[in-house]
Amino acid sequence: MAILRTENLTYIYGEGTPFQKTAVDNVTLEIQKGEIIGVIGHTGSGKSTLIQHFNGLLKPTSGKVFFNGVDIWAGKKVLPDLRFKVGLVFQYPEYQIFEETVYKDIAYGPSNMKLDKDEIKRCVTETADILGITSDMLNRSPFELSGGQKRRVAIAGVMAMRPEVLILDEPTAGLDPRGRYTILELIKKYNKTTGCTVLIVSHSMEDMAEYAQRIIVMNQSGLFCFDKTADVFARSEEISQMGLDVPQITKVFNELKKSGIVFDDEIYTVRYAKEKILEYISRRDGTGLCSKI
Amino acid sequence: MSDESIISAQELRFSYGSPDDGKIVLDEVLKGININIRSGEFVAVLGHNGSGKSTFAKHTNAILTPSSGKIYVIGIDTKDENRIFDIRQNVGMVFQNPDNQIVAAIVEEDVAFALENIGIPSDEMRKRVDEALKTVNMYEYREHSPHKLSGGQKQRITIAGIIAMRPKCIVLDEPTAMLDPAGRRDVIETIKMLNRQYGITVVLITHYMDEAAKTDRVIVMDSGTVILDDIPSQVFSNVELLKKIGLNVPQVTELVYELNKCGLNLDSHIITEEECVNALKTILKEE
C-alpha cells in the first residue's frame, strides 16, 4: 500500500476573489514506503503548495490525500497524529531555531509528542548521531554554530520525531558544494538507517540525479510527470523548456546524440558518463581501457 | 580592459574584534591577501563558507576596513573616512537575499533610493531610473510593488538601484543563491551584459562553478588566503586541489579528468559543454 496518495488533488488560492489562482490542479500520485523522491518545478509551479498538503497544512479545495490508506481529512483524530508522522522541513530551517542549547532544540518536537524523558533522550541522541552532531555540540548554543551546522540541527529537530515521511524544501539552498554534499549524504543515510520515506524539493537537477529514485515534476500547477529518475532525464529537453536546469552532463549527451553518437541509456551523472564512454571505446577497439571503473 | 586599478588589496589582513576594543581576538579571517582588479574585468571569487571571500567583498566598499595592510578602491585608501562616499558611489554591492535589500513599496522608488541620498536633481533622477530599469529589463514593472515579484526579478531591481548611481564596479555576494534556475540565468545574463556592453567591472562571489566558468578570471580563496588566481580553464584544471578544499569543478571538467585518469588524453582545460562535446566527438567517432 502506498504511504502517501493523492486523488484528484486541487487547491485554489483566494477562491471567489479577484486573486483566485489554481496552485495545484488535479494531481493524482502514489508514493511508496522507503523511497527517496525528488520534487522539481519552476517557481510558482505548485510544488510547495503540493507538499504542504502531505501533512495537512493545507486542505484540498477538492480531491483527497491519503496517509497509509486513511483519508487525512476524514475525521478529527487523524490530523494531529499526522503532523508527527509526516515531518516538514522548510527552506532555511535554521531561522526557526530558538532554544538555548542544541539538545533542547532537537528535543522540542519529541517533547510535544508526550514521550517520557528517557525516550526523548534516545530520540535526540540517535538523531544527533546520524547527523554527525557531537555530544559537545549538543550542550552549546545553536547560535554559536556555523551555517551548515545550524542547518543540520534544524533538520535533526524534525527527524527526532521519527516521522514516517520526511519532506525537505530546498535543504541545500545557500550552502557551499561540500555543505550540500554533506547534507544530502546525511539524508540518504537517514533514509537507509530508518527506512523513512524522503521527499526532497530542489532546483538542483545534479543533486536529484545523484539521490532521487523517482522524481515528481510540477509544471504550471499540474503534474507534468512522476517517473523513475532515468525516465525523467530522458525528457530533459522538455524540462529545459520549463525553465528548469538539466545537468551539464545531460546536455553534453543530448548534443552527442544529435551528431549520431547514441548511447543505449539515459546518462545524467558524471560517474555513469565515464562508465559508458569507456565501455563504448573498449567495445569499439576491443581493448579494456581501465580495469577498475 | 584598461590598466586602471579598481580594487587593489595589498597584504590585506583582517580579524573580527581587535585587542583595542577589549574583545577577544578571533581567528584572522584574511591573512595578507594581494588582489588587483583592473577596470572592465569580470572576476569570480570562489571559496567554501568561511574562506574569507565575503569578508574580502565587504572591504571593497569600506563596510569593513583592514586590520593591517591596505586596500585601495578606485585609488582611494578605504581608511580615508572623508572619501567613503566616493568609494560607495563607485562600488555597489548586491547581497544574497533579495528581500533584505529592497526598501521602497514601488519598484521605481526603490531604484531611486540611492539617487535621492546622493542628491541627484529630479529630472536627472527620472532619466537614470528609467535607463537603469530598461537595462535590467524590468522597465515594465516600474510601478509594481516589489514584494510581488520573483526572487530573480527582485535581484534585478537591486542591480538597477546600483547601476543608476553609475558606479565603476559592482560586487555581488552570492546573488543567485536563493533563486530558481530561471532567475539565476536572468541575473547572470544581466551581470554579463553590464560588463560586456557598459564596461562595468564585476566581482561575482558564487558557489556555482558554472557561473564562475563564464567569467574572465577566477580567484579561489581558502582559509583567508588566495590559492589560485587565473583564467577559468586554468583554475578548474586543478580538480584535486579544488575538491580537497571543499569546492567543485564544472561537470564536464570532472568527466574529462576522470576519463584521463583511465588513460584517455583529453584537454584538461575543458570547462564548457561545447568544448566537451567536441572533444568527445573526436574520440568517439569511428576510426
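Residues numbered from 1 in each chain as written. Chains lettered and ligands numbered in written order. Predicted model: local features only at pLDDT ≥ 70, side-chain atom pairs only at ≥ 80, totals over all residues. Heavy atoms only, no water.

**Student:** For the sheet that holds strand E9 (residues 217-222) of chain B, give the residues involved together with the corresponding values.
**Tutor:** Residues and elements named next belong to chain B. The sheet built from 6 strands is open, its strands ordered E6-E7-E8-E3-E9-E10 with mixed pairing. Of all strands in the sheet, those with a lone pairing partner are strand E6 (91-94) and strand E10 (225-230), marking the two edges. Neighbour to neighbour, the strand axes of the sheet diverge by 20° on average, direction disregarded. Sheet analysis places E6 next to strand E7 (residues 169-173), joined by 4 bridges and oriented parallel. Bridging across to E7, Val91 finds its partner in Cys169. (Pairing = 2+ DSSP bridges. Helix = DSSP H or I, 4+ residues; strand = E, 2+ residues; numbered from the N terminus. Axes fitted to C-alpha atoms, helices over the stretch in contact; angles between N-to-C directions.)

**Student:** Report on the side chain of His203 of chain A, specifying residues and quantitative values.
**Tutor:** On the secondary structure map, His203 of chain A appears in the loop between strand E8 (197-201) and helix H8 (205-211). Polar contacts involving the side chain of His203 of chain A include one to the side chain of Glu170 of chain A, which spans 3.1 Å. With sequence-adjacent residues up to four places away left out, His203 of chain A is seen in contact with Gly41, Lys47 and Glu170 of chain A together with Leu179, Asp180 and Pro181 of chain B. (Polar contact = N/O pair within 3.5 Å; in protein donor to acceptor, adjacent residues only side chain to side chain. Contact = heavy atoms within 4.5 Å.)

**Student:** I'd love a proper account of the packing of helix H3 (residues 102-112) of chain A against helix H4 (residues 117-130) of chain A, names of residues and values included.
**Tutor:** Residue and element names in this part refer to chain A. Their axes nearest at 9 Å, the elements H3 and H4 cross at an angle of 125°. Compared by their axis directions, H3 and H4 come out oblique. Here the hand of the crossing between H3 and H4 comes out right-handed. On the side of H3, the interface is formed by Tyr103, Ile106, Ala107, Pro110 and Ser111, while H4 contributes Ile120, Lys121, Cys123 and Val124. Grouping the constituent residues of the contact of H3 with H4 by class yields 7 nonpolar, 1 polar and 1 charged. (Parallel < 35°, antiparallel > 145°, perpendicular 65-115°, else oblique. Left-handed = near helix turned anticlockwise from the far one by under 90°. Nonpolar A, V, L, I, M, F, W, Y, C, P; charged D, E, K, R; others polar.)

**Student:** Which residues make up the confidence of the model for chain B, and what values do they have?
**Tutor:** For chain B, the mean per-residue pLDDT works out to 92, and 95% of the residues sit at or above 70. If you check the scores for this complex, the pTM reads 0.88 and the ipTM reads 0.84. (pLDDT = per-residue confidence, 0-100.)

**Student:** Could you give me a rundown of helix H11 (residues 273-284) of chain B, with the residues and numbers involved?
**Tutor:** Every α-helix winds through 3.6 residues per turn, so residues three or four apart in the chain are directed the same way. Counted at 1.5 Å a residue, the expected span for H11 of chain B with its 12 residues is 16 Å, and the 16 Å between its end C-alpha atoms agrees. Every buried residue belonging to H11 of chain B is among Cys276, Val277, Ala279, Leu280 and Leu284 of chain B, and all of these are buried. Against helix H11 (248-258) and helix H12 (270-285) of chain A together with helix H10 (251-261) of chain B lie the buried residues of H11 of chain B. (Expected span 1.5 Å × (residues − 1). Buried < 20%, exposed > 50% of the residue type's maximum accessible area, 1.4 Å probe, protein only.)

**Student:** Outline the packing of aromatic side chains, listing residues and values.
**Tutor:** All names here are of chain A. Tallied over the full model, the rule gives 7 aromatic pairs over all chains. Judged by centre distance (4.9 Å) and plane angle (80°), the rings of Tyr11 and Tyr13 are edge-to-face. Taking relative accessible area as the criterion, Tyr11 reaches 13% and is therefore assigned buried. Tyr13 sits in the partly exposed class, given a relative accessible area of 34%. Ring plane angle 10° and centroid distance 4.5 Å describe the contact between Phe233 and Tyr268, whose orientation is recorded as stacked. Placement of Phe233 in helix H9 (residues 229-233) and of Tyr268 in the loop between H11 and H12 is noted, with a sequence separation of 35 residues between them. The buried category is assigned to Phe233, whose relative accessible area is 1%. We classify Tyr268 as buried; its relative accessible area is 16%. (Phe/Tyr/Trp six-rings, centres within 6.5 Å; stacked < 30°, edge-to-face > 60°.)

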